[in-house]
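Here's the letter readout for the chains.
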Number of protein chains: 2
Amino acid sequence: MAQSDTVTRILDTAEVLFAERGFAETSLRNITSKARVNLAAVNYHFGSKKALIQAVFSRYLDPFTQRFHTALDTLEGRYEGQVIPLEELLETMATTVLAVPAERNSLKVFMRLLGLAYSQAQGHLRRFIQDEYGDVFTRFTELVRQATPDIPDAERFWRLHFMLGTVIFTLSGLDALRDIAEKDYQEQVSVRDLVRRLRPVVVAAMNAPLPANVDEEKYANA
Amino acid sequence: MAQSDTVTRILDTAEVLFAERGFAETSLRNITSKARVNLAAVNYHFGSKKALIQAVFSRYLDPFTQRFHTALDTLEGRYEGQVIPLEELLETMATTVLAVPAERNSLKVFMRLLGLAYSQAQGHLRRFIQDEYGDVFTRFTELVRQATPDIPDAERFWRLHFMLGTVIFTLSGLDALRDIAEKDYQEQVSVRDLVRRLRPVVVAAMNAPLPANVDEEKYANA
DNA sequence: GAATGTTTAAAACACTCGTTTTTTAGGAGC
DNA sequence: GCTCCTAAAAAACGAGTGTTTTAAACATTC
């Protein structure tokens, strides 16, 4: 054993604690003691706490983006030049997201980390994610653009982020919401259930009529 | 002067710093030094940092919920017993949200604080908000229920939270998104603009077709 | 098998944190 | 005058933080 299963133990423990309590609220001593690892090991293996945080993200995002790229590859191959329908694109994204637990532990942790990364005020994490993994998102939005030619660019930009907010907010705050929902509706909700519920909502939101009273020239050169 | 404009200065400074960097990342020394106030003043006037955080929220939420309640009063009065259409309800909520800057400084700060309250893992804030201000939200959802009788209860619950996620995520992360949007689309976006864009999206999302492959009995007793 | 490089362990460092205590100031009431 | 109470200021406290340093153990290679 040994080798560097210390690194793995640190990452495994850190991602759970980060997801539960946030980055600032999780100390290195929390992590190392729970992982039964020496305190200095974090700085030895990762260099700093900030680097550890990024490593946690990389371990999720590296396989995710890779998988997403290949999924888009096969999708493009299937439609060979033709425009890919919006539903297909969303479906592919959903499938890729749901496939995360196959590689890493928990989809819940993944979504919670994403939510933290966006809400965390300090830009370092968002910048890191944008720089390292922005490509696949750019590729995806371009395909969405082709699938929805009637939506002005700015409007599509905002709607995509509306939907990003819906998904991240819901799935990252899932535990709290699940408690309320199960209390009121005696219903077990899994992430798969939520994704199934999200599908028609996202499609309808993207296809919603354009807002009224739009200043025309704003879209003239878009 | 004097009196207790110290309290106001602390609150004014704290809400901005909290909104910018989060609660854990903002120290009392940050606040008191920027507010040109003695460090001990926070504990003297508020008792603790946690109490200060709640005071910041109360200063926003007290007038907001009050305003929202009276807005719903007049709306119910106008429809005297009849069912209020969903669009009217959403419109009222949007108007009330947009009216926040009349009482307090910044709508941006308000939304950012709300976003933090939800993403912040520690439950004390969410519990505080739920306990103190849950009534008006319950009232609102009940009106939405009457306006959308065809949506199963559980489904409506989730869709409302989907939309909550959309609004909070977008408006609380507005600065970052605005940067990207303006760079790509040379377009100035105000909060009013965003609310205008959000309107049709939220309506379409609420009215989206029900998800397919639903286990029927889940809705049988809802 | 001694030497080398890598990983772990323990301790210390230099701060920062929220909170508390002590001290000083400023009016109000009589 | 003096006290009483509230507010502000200064200083100190104790705990907790990320990081660094120093020592020991381990594994590998020649």
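Everything numeric here is computed off the predicted structure, so don't read it as measured data.

Student: Requested: an account of the environment of F140 of chain A, with residues and values cited.
Tutor: All names here are of chain A. Structurally, the position occupied by F140 is in helix α8 (residues 124–147). On the basis of relative accessible area, F140 is assigned to the buried category, the value being 2%. Once you skip the residues sitting within four places of it in the chain, F140 turns out to touch F68, L89, L90 and M93.

Student: For the relation of the copies chain B and chain A, give the residues involved together with the corresponding values.
Tutor: For the match of chain B to chain A, the screw axis carries a shift of 0.0 Å, the RMSD comes to 0.1 Å, and the turn is 180°. What the superposition gives is, in effect, a two-fold axis relating one chain to the other. Comparing interface residues between copies, 100% of those in chain B also sit at the interface in chain A, which points to an isologous, same-surface contact.

Student: Tell me about the side chain of T65 of chain B, and name the residues and values.
Tutor: All names here are of chain B. Summarising the element assignment, T65 is placed in helix α4 (residues 49–79). When its relative accessible area of 12% is taken as the criterion, T65 is described as buried. Beyond its immediate sequence surroundings of up to four residues, T65 is in contact with Y133 and V136.

Student: Could you give me a rundown of the interface of chain B and chain A, with the residues and numbers involved?
Tutor: Chain B puts 55 residues into the contact, and the matching count from chain A is 55 residues. A per-residue breakdown of the area chain B buries against chain A is headed by W158, F162 and F169 of chain B, which together make up 17% of the total. One salt bridge in this structure joins E155 of chain B and R197 of chain A, with 2.4 Å as the shortest N-O distance. For the interface between chain B and chain A, the tally reads six residue pairs in polar contact (both at pLDDT 80 or more). Counting residues per element, the ones that place at least two in the side of chain B that touches chain A are α1 (5–21), α7 (107–119), α9 (153–172), α10 (174–185), α11 (191–206) and α12 (217–220) of chain B. Per-element accounting of the side of chain B that touches chain A gives the leading share, 15 residues, to α9 of chain B. Of the residues that constitute the side of chain B that touches chain A, the class distribution is 31 nonpolar, 10 polar and 14 charged.

Student: Give me the protein's contact with DNA strand D: which residues, what numbers.
Tutor: Neighbouring DNA strand D are 15 residues, the closest being R29 and K49 of chain A together with T6, Y44 and H45 of chain B. Counting only atoms of DNA strand D within 4 Å of the protein, the sugar-phosphate share comes to 49%. Taking K49 of chain A, its side chain carries an N or O atom lying 2.8 Å from a phosphate oxygen of DNA strand D. Looking at the surface near DNA strand D, the elements that each hand over two or more residues are α2 (28–34) and α3 (40–45) of chain A together with α3 (40–45) of chain B. For the surface near DNA strand D, the leading source of residues is α3 of chain B, giving three residues. The class makeup of the residues in the surface near DNA strand D is five nonpolar, seven polar and three charged.

Student: Describe the domain arrangement of chain A, naming the residues involved and giving the relevant values.
Tutor: Residue and element names in this part refer to chain A. Under the domain assignment used here, chain A contains domain 1 (1–47) and domain 2 (58–210). Computed from C-alpha coordinates alone, the two centres of domain 1 and domain 2 are separated by 28 Å. In this complex, domain 1 contributes nine residues to the contact, which on the side of domain 2 involves 10 residues. For the pairing of domain 1 and domain 2, the buried interface totals around 830 Å² over both sides, and the portion due to carbon and sulfur atoms is 59%. The largest per-residue losses of area from domain 1 upon contact with domain 2 belong to E15, A19 and F23, which jointly make up 67% of the total buried on that side.

Student: Tell me about the packing of aromatic side chains, residues and numbers included.
Tutor: What characterises a pair of aromatic rings is the spacing of the ring centres plus the angle enclosed by the ring planes. All names here are of chain A. Summed over all chains, the structure comprises 18 aromatic pairs over all chains. Ring plane angle 15° and centroid distance 5.3 Å describe the contact between Y60 and F110, whose orientation is recorded as stacked. Here Y60, found in helix α4 (residues 49–79), pairs with F110, found in helix α7 (residues 107–119); they are 50 residues apart in sequence, far enough to count as distant. The exposure classification of Y60 matches that of F110, with both residues buried. Between F64 and F110, the aromatic rings sit 5.6 Å apart at their centres with planes inclined by 50°, giving tilted as the arrangement. Of the two residues, F64 is situated in helix α4 and F110 in helix α7; the sequence distance between them amounts to 46 residues. Each member of the pair F64 and F110 is classed as buried. Chaining the aromatic ring pairs together yields one cluster made of Y60, F64, F68, F110 and F140.

Student: Give me the pattern of salt bridges: which residues, what numbers.
Tutor: All names here are of chain A. Inspection of the entire model under this criterion finds 28 salt bridges over all chains. One salt bridge in this structure joins R139 and D73, with 2.6 Å as the shortest N-O distance. One end of the pair, R139, is in helix α8; the other, D73, is in helix α4, and 66 residues separate them in sequence. Within this structure, D12, E15 and R59 form a network of salt bridges that share partners.

Student: Got a sec to walk through the protein's contact with DNA strand C? Specific residues and values, please.
Tutor: In the neighbourhood of DNA strand C, 15 residues make up the surrounding shell, with T6 and H45 of chain A together with L28, R29 and K49 of chain B lying closest. Those atoms of DNA strand C that come within 4 Å of the protein belong to sugar or phosphate at a rate of 46%. S27 of chain B has a polar side-chain atom sitting 3.2 Å from a phosphate oxygen of DNA strand C. When contributions to the surface near DNA strand C are tallied by element, the ones reaching two or more residues are α3 of chain A together with α2 (28–34) and α3 of chain B. Among the elements that make up the surface near DNA strand C, the one with the highest residue count is α3 of chain A (three residues). Residues belonging to the surface near DNA strand C are distributed by class as follows: five nonpolar, seven polar and three charged.

Student: Report on the nonpolar core, specifying residues and quantitative values.
Tutor: L52 and F57 of chain A together with L52 and F57 of chain B are the most contacted members of the largest nonpolar core, which has 143 residues in total. Non-local contacts of L52 of chain B, meaning those with residues more than four positions away in its chain, are made with I10, L11, A14, F18, L28, I31, V42 and F46 of chain B.

Definitions and cut-offs
Residues numbered from 1 in each chain as written. Chains lettered and ligands numbered in written order. Predicted model: local features only at pLDDT ≥ 70, side-chain atom pairs only at ≥ 80, totals over all residues. Heavy atoms only, no water. Helix = DSSP H or I, 4+ residues; strand = E, 2+ residues; numbered from the N terminus. Buried < 20%, exposed > 50% of the residue type's maximum accessible area, 1.4 Å probe, protein only. Contact = heavy atoms within 4.5 Å. Least-squares fit on C-alpha atoms with pLDDT ≥ 70 in both. Buried area = accessible area lost by both parts, 1.4 Å probe. Salt bridge = Lys/Arg side-chain N within 4 Å of Asp/Glu carboxyl O. Polar contact = N/O pair within 3.5 Å; in protein donor to acceptor, adjacent residues only side chain to side chain. Nonpolar A, V, L, I, M, F, W, Y, C, P; charged D, E, K, R; others polar. Near = heavy atom within 4 Å. Domains from an automatic or database assignment. Phe/Tyr/Trp six-rings, centres within 6.5 Å; stacked < 30°, edge-to-face > 60°. Core = buried A, V, L, I, M, F, W, Y, C linked by side-chain atoms within 4.5 Å.

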